[in-house]
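Topology and contacts: notes
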Amino acid sequence: MFKKALFFVSILAGLTAKAQILSVTPVFPKEQDTVTIIYDATQGNAALVGVSQVYAHAGVITTRSTSNADWRYVVGNWGTADARVQMQNLGNNKHRIRYHMKNFYAQAGTFQAGEQILSMAFVFRDQSGNTVGRTAEGKDIYTPVFSTGLFARIVNPEAKLTLRNSGSSFLVEAWASKSCNIHISLDGNVVHSKSNADSLQYLVHALGAGKHTLIFHATDGTLNASDTQYFVVNPAVRNGVLDASYHQGVNYVANDKVRLVLFAPNKSYIYAIGDFSNWEPDTAYFMNYSPSQSLWWVDVPNLTPGKEVGFQYWVDGKIRVADPFSELVLNEYDDAFITAQTYPNLKPYPKGKTTNAVGVMTPGKTAYNWTTQNFQRPPKEKLVIYELLLRDFAAAHSFKVVQDSLAYLKRLGINAIKLMPVNEFEGNISWGYNPSFHMAVDKYYGKPEDLKALIDAAHKEGIAIILDVVFNHAFSQSPLCQLYWNSAAFKPASNNPWVNPDARHPFNVGYDMNHESRATQYWMDRILKYWVQEFKVDGFRFDLSKGFTQVNSGSDVAAWGRYDASRIALLKRMADQIRAVDANIHLILEHFADNSEEKELNDYGFMTWGNGNAPFSEATMGFLGSSDFGWSISREHRGFNQNGIVGYMESHDEERLMYKNKKFGNASGSYLIQNLPVGLNRVAMASCLFLPVPGPKMIWQFGELGYDYSINHCSNGTESPNCRLDVKPVRWDYWNDTNRRKLYYVMAAMNYLKTFDAVAYPADYDLNAAGQYKRLNLWHPDQNVVVVSNFGMAAGSADPNFPFAGRWYDYLSGDSIEVSNKNGAISLAAGAYKVFTSKRVVHPFYWKPSNSAGVEDFEAVGFRCYPNPANRVVFVEGSQGWFTTSLYDISGKLWNQETVSGGRGELSLQGLKPGVYVLQISTATGVYSRRLMVE
């Protein structure tokens, strides 16, 4: 009786109507049956349409599987012409394979006693395995396996829930596993029945709008079995015009009510579904449509204020997507790896009720209480940016751990942190340049409130927060891709309003955004505005901004980088829009286009990345042939009118200077750059020329400690380009190394010289960065600075080009010299460098190599403090007339600081918790410390 029957299967059979990817004979296959599987390549993702020879990749889910996706006994050698899984081409893109179920899968291993097959699992491929047939969502295909007994199935429609247009008709086909009494009931009324039969058909038609229930029941007098399906008949779409006061996404119109708005032209109908509808389509949430605006909208009332609500859009009965402007997103698979420590009380994904990403909204949510008001951003001329990847900054990979590290970063002298992308990206372990939801905080780093707390605390410390954002592309998980998707080609469809089907430029990743589309422009403007207003961010770094062009350069890299007036216009338009929201926002482009284009963008107020990795690396390694790094950090070398080059020696895209020094450093006699202290000293020397140059500068995470792992470092200790994006070792223990800590202090001192408001910062400069002796001169009416260095491999003499003769102060040692000849040569050993100021500048973190005084040597150099322990005030006396006293906690946070003259000073301890602190004295000759107990 089963020869004519087919059992239609889809992975989403319990959720939504799908065309038949597989047909299986018999209808109720058992593990001892011979089964016939027919795969329709036009269904699912349709990736194998037109492929003549298809291979199955087959496994089973058994009672020993750890999940309903845990394949066992997999048959098929991927990428080979494995005859065991070779399918017969039936024509018309259909392919067949036939086998005895238990014997077939036993080829891959021995079934355990009592182990039962619950379902068969498939994907299909071409011979190479480069093209794979899956469901339309790109997932595996499953079909159930039955045991003995009585079973009832509705095989058409195949889904548990289907959507129907008003007035439509459809045929219901149902089967029992043996002949018996069977009937179908519709909304509680029996509409068709048979006796001593194993199947029946019934035509459903002309039902009213709303949800209907269909039940197929079978009984043999002893056993009973049934199968239930639901279908919703759509009402007519109500057309209208949406008031312009509503934006796309979630509109919080009351503490218990939202209005959802979705831009989706050329769709037939859309339901909003979610917690409020038990994830089923309900005509109460059938969306209205404005043809002139291509906007769909619906109100969702009676929500609980302050309670998170999951929701999606169910579009044309085919796809479920989260809102493109979701502020928080749930993921069925990724969320399982997010710990409660990182994200407490994470809303669970509604498993079994829906699929794909779920958006979260919270009506009546309490607003964040910002404690830092009217933060003054550092001007771009003084910006020192710390590029930070939360994933590799600390094992906890959280916003909170960065907040706890602000004292360390402030002491380094940086005044801005650039967070590598923190918006929702695919997976958890990533650099973040594979974005899927550009307005949602990625939960792997913590809660949105944690990011706000970090920004709030950073502003309190005078540190700006710049977000690395990715508007060149989106990845396939994004609703912008899924709403208009070509499943057969696995790329955006040609009518996609936001995303190009094919990239318009080389080196694209993901799917290329169409920045000439008004839909894309609205989307980007809205998201940037959100980050500024909701999170108070201070700027953006635009990844791959050169890719905004819609001039098709194909694979021609040179053509892509040429002056492009249309690209400039797109970027200026974007800048105008966000500056209308915040006139002083910092805008940084990773551009690397023709110099004339970058100059025009700089003149418009943009900053552009300046990659100095190659010349700085050559210089620190001791190879001077191409080590002129002026182009990467100096506006003078580029002919720019503004100091808008964000120069860097390292970034996330390049090898570390210390990695290259240790592996490839030059040698001359006993002077070996591959030795750690020598290599670190040369990075410090380069920093003295790099950091003070007017204009923004950037330090890549842990560069201040000489991080020396390759960008291609693998977790097993080897190196491979395939490991480029892998997690890198977190080495906070570097701080315990004296030589690495010296590099930190030198960089801190140079940042202090540049950023501290009490220091007159030079307005003009001259950088001579070619050759062995590199020099930087900075001029200001109240202060002059001279940096001179020997990047060679042997001692020599360098002309410092002092602006005038007289007393000059050695900034890094606290000494001074009398200059009689302003062009008199200064002798410098290999790797030696000097920083001179025309006026004494006192910085609390000098490093004096000859200073042997440690934490317990405070009194050895003529100072004393009392009382110790202390509880209200501590007095400090010294043999020198002037000095600076600073009090730090053990995390490095500065609590109090006073400049002392007359040899005696005091520090208040009011507000300090009991514990161990470090009292530090800074003088012209060194830095000295002592532990202080506060009671």
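Just above, that's the structure.
A brief structural summary. (Residues numbered from 1 in each chain as written. Predicted model: local features only at pLDDT ≥ 70, side-chain atom pairs only at ≥ 80, totals over all residues. Heavy atoms only, no water.)

**Brief notes about the overall build of the chain**
- Helices and strands together make up the secondary structure of the chain, namely 16 helices and 56 strands.
- By its C-alpha atoms, the chain is 115 × 60 × 60 Å across when sized along the principal axes.
- The burial tally for the chain puts 57% of its 935 residues in the buried class.
- If you sum the accessible surface of the chain, you get close to 36,300 Å²; carbon and sulfur atoms cover 48% of it.
- For the chain, the distance from the average site of its 87 positive side-chain charges to the average site of its 86 negative ones is 2 Å. (Helix = DSSP H or I, 4+ residues; strand = E, 2+ residues; numbered from the N terminus. Buried < 20%, exposed > 50% of the residue type's maximum accessible area, 1.4 Å probe, protein only. Areas by Shrake-Rupley, 256 points an atom, 1.4 Å probe, with all protein chains shown as cover. Lys, Arg positive; Asp, Glu negative; His and termini not counted. Charge placed at Lys NZ, Arg CZ, Asp CG, Glu CD.)

**Overview of the environment of G133**
- Within the fold, G133 resides in strand 9 (residues 132–133).
- When the C-alpha atoms of G133 and Y39 are compared, they prove to be 9.4 Å apart, with 94 residues separating the residues in sequence.
- What G133 contacts, discounting residues up to four positions off in sequence, is Y39, N45, A47, L48, V123, F124 and I141. (Contact = heavy atoms within 4.5 Å.)

**What about the pairing of strand 18 (residues 257–263)?**
- Counting buried positions along strand 18 gives six out of seven residues, so the element sits mostly inside the fold.
- Strand direction decides the pairing type here: strand 17 (residues 249–254) and strand 18, joined by five bridges, are antiparallel. Bridge assignment links Y252 to a residue of strand 18, and that residue is V258.
- Connecting the antiparallel pair strand 17 and strand 18 is a turn made up of two residues.
- Across six bridges, the pairing between strand 18 and strand 21 (residues 295–300) is antiparallel. Each residue of the ladder has a partner; that of R259, found in strand 21, is D299. (Pairing = 2+ DSSP bridges.)

**A look at the packing of helix 9 (residues 565–581) against helix 10 (residues 595–603)**
- At a closest axis distance of 11 Å, the pairing of helix 9 and helix 10 adopts a crossing angle of 20°. The angle between helix 9 and helix 10 places the two elements in the roughly parallel class. Considering the relative orientation of helix 9 and helix 10, their crossing is right-handed. Residues R567, I568, L571 and K572 of helix 9 form the contact with helix 10, whose own contacting residues are E597, E600 and L601. (Axes fitted to C-alpha atoms, helices over the stretch in contact; angles between N-to-C directions. Parallel < 35°, antiparallel > 145°, perpendicular 65-115°, else oblique. Left-handed = near helix turned anticlockwise from the far one by under 90°.)

**A look at the state of the cysteines**
- Within the structure shown, the criterion is met by one disulfide.
- In this model, C714 is linked to C723 through a disulfide, with the two sulfur atoms separated by 2.0 Å. In this structure the cystine formed by C714 and C723 twists about its S-S bond by roughly 100°; its chirality is therefore right-handed. The pair C714 / C723 is uniform in exposure class, with both members buried. (Disulfide = S-S within 2.5 Å.)

**A short note on the environment of I673**
- Inspection of the secondary structure assignment puts I673 in the loop between strand 40 (671–672) and helix 15 (676–690).
- Sequence separation between I673 and M658 is 15 residues, and the spatial gap between their C-alpha atoms is 9.7 Å.
- Among residues more than four places away in sequence, those in contact with I673 are T620, M621, G622, N661, G665, N666, V678, G679, R682 and M793.

**Re empty space enclosed by the protein**
- Summed over all chains, the structure comprises six cavities of 30 Å³ or more.
- In this structure, the largest cavity occupies an estimated 190 Å³ of space.
- Together, 21 residues line the largest cavity, and D392, R656, W700, Y707 and K728 are the ones closest to its centre.
- Its residues assigned to classes, the lining of the largest cavity comprises nine nonpolar, four polar and eight charged.
- In this structure, the second largest cavity spans a volume of roughly 70 Å³.
- Contributing to the lining of the second largest cavity are M649, E650, L657, V683, F690, M698, I699, W700, G703 and M747.
- Sorting elements by how many residues they give to the lining of the second largest cavity places strand 41 (residues 697–700) first, with three residues.
- For the lining of the second largest cavity, the residue count by class is eight nonpolar, one polar and one charged. (1 Å grid on protein atoms, 1.4 Å probe; cavity = no way out; pocket = protein on both sides within 12 Å on 5 of 7 lines; lining within 4 Å. Points joined across faces, edges and corners; volume = space filled by probe spheres on them. Nonpolar A, V, L, I, M, F, W, Y, C, P; charged D, E, K, R; others polar.)

**Considerations on the side chain of T549**
- Positionally, T549 belongs in the loop between strand 35 (539–542) and helix 8 (557–561).
- By relative accessible area, T549 is classed as buried at 1%.
- For T549, the side chain forms a polar contact with the main-chain nitrogen of V551, separated by 3.0 Å. (Polar contact = N/O pair within 3.5 Å; in protein donor to acceptor, adjacent residues only side chain to side chain.)

**Some points on the sheet that holds strand 52 (residues 882–889)**
- The four strands are arranged 53-52-55-56 in an open sheet whose pairing can be described as antiparallel. Two strands bound the open sheet, and with one partner strand each, they are strand 53 (894–901) and strand 56 (927–934). When strand polarity is set aside, the average angle formed by the axes of neighbouring strands in this sheet is 20°.

**Observations concerning the pairing of strand 54 (residues 904–908)**
- Judged by which residues are buried, strand 54 turns out to be one-sided: G905 and L907 face inward and are buried, whereas R904, E906 and S908, on the alternate face, are not.
- Looking at chain direction, strand 51 (residues 873–878) and strand 54 are connected through five bridges and run antiparallel. Within strand 54, the residue paired with E877 across the bridge is R904.

**Some thoughts on the packing of aromatic side chains**
- Enumeration according to the criterion identifies 52 aromatic pairs in this entry.
- Relative to Y707, the ring of F702 has its centre 6.2 Å away and its plane inclined at 25°; by these criteria the two rings are stacked.
- The rings of F393, Y408, F702, Y707, Y709, W732, Y734, W735, Y744 and Y745 are connected pair by pair, giving a single aromatic cluster.
- Over the ring of W609 we find R541, and its NZ or CZ is 4.0 Å from the ring centre. (Phe/Tyr/Trp six-rings, centres within 6.5 Å; stacked < 30°, edge-to-face > 60°. Lys NZ or Arg CZ within 6 Å of the ring centre and 35° of its normal.)

**Remarks on the sheet that holds strand 46 (residues 806–810)**
- Pairing in this open sheet of six strands is antiparallel, and the strands run 42-43-44-49-46-47 from one edge to the other. Each of the sheet's edge strands pairs with one partner strand only, and the pair in question is strand 42 (764–768) and strand 47 (816–819). Strand-to-strand twist of the sheet, defined as the mean angle between neighbouring strand axes without regard to direction, takes the value 20°.
- Pairing of strand 46 with strand 49 (residues 833–837) involves two bridges; the strand directions are antiparallel. Across the sheet, Y809 pairs through a bridge with T837, a residue of strand 49.

**Section: the pattern of salt bridges**
- Scanning the model with the defined rule gives 39 salt bridges in all.
- Of the charged contacts, one joins D275 and K347 as a salt bridge, the two residues approaching to 2.9 Å between their closest N and O atoms. Of this pair, D275 sits in the loop between strand 19 (270–274) and strand 20 (288–290) while K347 sits in the loop between strand 24 (329–330) and strand 25 (358–361); the two residues are 72 residues apart in sequence, bridging distant segments of the chain.
- Close ionic contact of K418 with E387 constitutes a salt bridge, the shortest N to O distance being 3.1 Å. Of this pair, K418 sits in strand 27 (residues 416–419) while E387 sits in strand 26 (residues 384–388), and the two are 31 residues apart along the sequence. Considered together, K418 and E387 belong to a single accessibility category, that of buried residues.
- Among the charged side chains, a network of salt bridges with common partners joins E387, K418, D468, R541, D543 and E590. (Salt bridge = Lys/Arg side-chain N within 4 Å of Asp/Glu carboxyl O.)

**Overview of the nonpolar core**
- Judged by nonpolar contacts, the single largest core of 161 residues is most densely connected at L260, L419, L451, W531, F540 and F542.
- Contacts of W531, omitting those with residues within four sequence positions, involve N423, H438, M439, A440, V441, L451, L467, K536, V537 and F540.
- I21, Y39, M87 and I97 belong to the second largest nonpolar core, which has 29 residues in total. (Core = buried A, V, L, I, M, F, W, Y, C linked by side-chain atoms within 4.5 Å.)

Distances and angles like these do not, on their own, reveal function.
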